[in-house]
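Here's the letter readout for the chains.
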Amino acid sequence: MFFIGIDVHKKQSQICVLDAQGEVAFETRVPTSRAHLKDAVLLYKEAKVVLESCTPSEWVARHLESMGMEVIVADPNFAPMYATRSKKLKTDKRDARCLAQACRLGAYKLAHRLSDEQRRVRAGLDVRQTLVETRTKLTNQIGAVLLGQGYTVATGAAENYVRRLGQLDLPSELRTLIEPLVTLLIPLNEQIDELDHQMEARADAEPDAQRLQTIPGIGPLTALMFLAVIDGAARFERAHSVMSYIGLVPREFSSGEKQLRGHITKAGSTRVRVLLVQAAQRIMRLKNPKTTALCTWAEGIAQRRGKRIAAVALARRLSGIMWAMLRDGTEYEARSQRSAELSREQSAPETRKAAPKKSRRKAMKPTQSEPREEQAA
């Protein structure tokens, strides 16, 4: 029995083969291509293979599986997998040996491999996002050129930017200068519109996406991206696991009696995190009657910590609600007015109870055994 560790990279990959006793049987470095990988491991078809989860790991794993090999895509954040590697020296050769040893000892943690359907959805959403970012760069550049000449384009939707630009009375020289950029905007808008129609059609055909869109502020793009990242609610045991997987929980540096929390971890997909924060901002701005409880809860945080932190907190809560809806197969139900009032009381400072204590504190002279309220806080 042989055990193989492959340190996969964009151009070249390091391969290490260990025998049953843990001795190195074969080592090589080959270009990351189907033909070279096949030739390198052709003599070890019965071997067990471990490779890190990365961008090219999926096609490498499927290529090796097509050869009849057992392939494990491991989580690179699992520390015991690299327990045999020295912290002072890190090379691709040492990494491949560590992966092979982890394969032999079973010291690895499986990484989730997206389904083909959700992989295609994610790729389509990423392509659309790239087009949108390109359009934003073009409009910003056009606006900067015009602003330098004393002209300003009216605000509005990005897809109507060319029409608003045509309403300006620009000199012929200036119009000729920005014409190459404007020419690129027209096909970009058409491609983005086409992708939007495709995503909306896909969301309409997906029951889970329709279920998530019952939340005011959640559109088809956010619903599809959330489904693509989660790839099945059964993967997670509780809502907090989903929040942590998306990277919306605060970092924590705690030891002994000290507990320090920082900014959010920003782990996982950046795109779904951005979409959830944008959805939270829409909910806080539009104030739909169905989301009164959520708005009240977020406003209490905004008063204490600011709107930006409140939007992230609401996005974190949204991810838990969306996961619970997928787990139970239910649609969004607005909380009652009484629940909203309780949420407001929990998030707002208890001023009514604090007032009598403050008046009593003024009447009583503080002693050493009974410090002032400000000092105790």
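Okay, so let's go over this structure. Predicted model, so just to flag it, every value in this text is computed and none were measured.

## Digging into the sheet that holds strand E1 (residues 3-7)
Step number 1: Here we have five strands laid out as an open sheet, ordered E3-E2-E1-E4-E5, and mixed in their pairing. Here the strands that pair on one side only, and so sit at the sheet edges, are strand E3 (24-31) and strand E5 (70-74). On average, adjacent strands in this sheet sit at an angle of 20° to one another, irrespective of strand direction.
Step number 2: Note that strand E4 (residues 48-52) and E5 share five bridges and pair parallel. Looking at E5, one finds that Val49 is bridged to Val71.
Step number 3: Sheet strands in contact with helix H3 (residues 92-105) are E1, strand E2 (12-18), E3 and E4, and its direction is about 145° off that of E1.

## Observations regarding the pairing of E1
Step number 1: Counting buried positions over the five residues of E1 gives five, a clear majority of the element.
Step number 2: In E1, alternate side chains face the same way, and those of Phe3, Gly5 and Asp7 on one face and Ile4 and Ile6 on the other are all buried.
Step number 3: As paired elements, E1 and E2 share five bridges and run antiparallel to each other. Note that in E2 the partner of Phe3 across the bridge is Leu18.

## So, the packing of helix H8 (residues 220-230) against helix H9 (residues 239-246)
Between two packed helices, the angle of one axis relative to the other and the distance separating the axes together describe the packing.
Step number 1: The N-to-C vectors of H8 and H9 enclose an angle of 100°; their axes lie 11 Å apart at closest approach. One way to sum up the angle between H8 and H9 is to call them roughly perpendicular. Together, Phe226, Val229 and Ile230 of H8 and Val242, Tyr245 and Ile246 of H9 make up the contact between the two elements.

## Some thoughts on the packing of aromatic side chains
Step number 1: This structure, assessed with the given rule, holds three aromatic pairs.
Step number 2: For the ring pair Phe2 and Tyr44, a centre distance of 5.1 Å and an interplane angle of 70° mean the geometry is edge-to-face. Here Phe2, found in the segment before E1, pairs with Tyr44, found in the loop between helix H1 (34-41) and E4; they are 42 residues apart in sequence, far enough to count as distant.
Step number 3: Judged by its relative accessible area of 14%, Tyr44 is buried.
Step number 4: Through a chain of ring-to-ring contacts, the aromatic side chains of Phe2, Phe26 and Tyr44 assemble into a single cluster.
Step number 5: A cation over an aromatic ring shows up here: Arg235 above the ring of Tyr245, its NZ or CZ 5.0 Å from the ring centre.
Step number 6: It is Arg317 that lies over the ring of Trp297; its NZ or CZ is 3.9 Å from the centre.

## Observations regarding the side chain of Asp75
Step number 1: Along the polypeptide, Asp75 turns up in the loop between E5 and H3.
Step number 2: Residues in contact with Asp75, not counting those within four places in the same chain, are Met81, Lys109, Leu110 and Ala111.

## Structural notes on the pattern of salt bridges
Step number 1: Per the counting criterion, the structure on display carries 16 salt bridges.
Step number 2: The closest approach of N and O atoms between Arg97 and Glu27, which form a salt bridge, is 2.6 Å. Of this pair, Arg97 sits in helix H3 while Glu27 sits in strand E3, and the two are 70 residues apart along the sequence.
Step number 3: Looking at Arg97, the relative accessible area reads 36%, which means it is partly exposed.
Step number 4: Taking relative accessible area as the criterion, Glu27 reaches 23% and is therefore assigned partly exposed.
Step number 5: As a salt-bridge pair, Asp95 and Lys90 come within 2.9 Å of each other at their nearest N and O atoms.
Step number 6: On the accessibility criterion, Asp95 (4% relative accessible area) is buried.

## So, the packing of helix H10 (residues 270-286) against helix H12 (residues 307-328)
Step number 1: Running from amino to carboxyl end, H10 crosses H12 at an angle of 110°, the nearest separation of the two axes being 8 Å. Taken together, H10 and H12 sit at an angle that is classed as roughly perpendicular. Along its contact with H10, which presents Leu276, Val277, Ala279, Ala280, Gln281, Ile283 and Met284, the element H12 presents Lys307, Ala310, Ala311, Leu314, Ala315, Leu318, Ser319 and Met322.
Step number 2: Grouping the amino acids of the contact of H10 with H12 by side-chain chemistry returns 12 nonpolar, two polar and one charged.

So, how was this worked out
Residues numbered from 1 in each chain as written. Predicted model: local features only at pLDDT ≥ 70, side-chain atom pairs only at ≥ 80, totals over all residues. Heavy atoms only, no water. Pairing = 2+ DSSP bridges. Helix = DSSP H or I, 4+ residues; strand = E, 2+ residues; numbered from the N terminus. Axes fitted to C-alpha atoms, helices over the stretch in contact; angles between N-to-C directions. Contact = heavy atoms within 4.5 Å. Buried < 20%, exposed > 50% of the residue type's maximum accessible area, 1.4 Å probe, protein only. Parallel < 35°, antiparallel > 145°, perpendicular 65-115°, else oblique. Phe/Tyr/Trp six-rings, centres within 6.5 Å; stacked < 30°, edge-to-face > 60°. Lys NZ or Arg CZ within 6 Å of the ring centre and 35° of its normal. Salt bridge = Lys/Arg side-chain N within 4 Å of Asp/Glu carboxyl O. Nonpolar A, V, L, I, M, F, W, Y, C, P; charged D, E, K, R; others polar.

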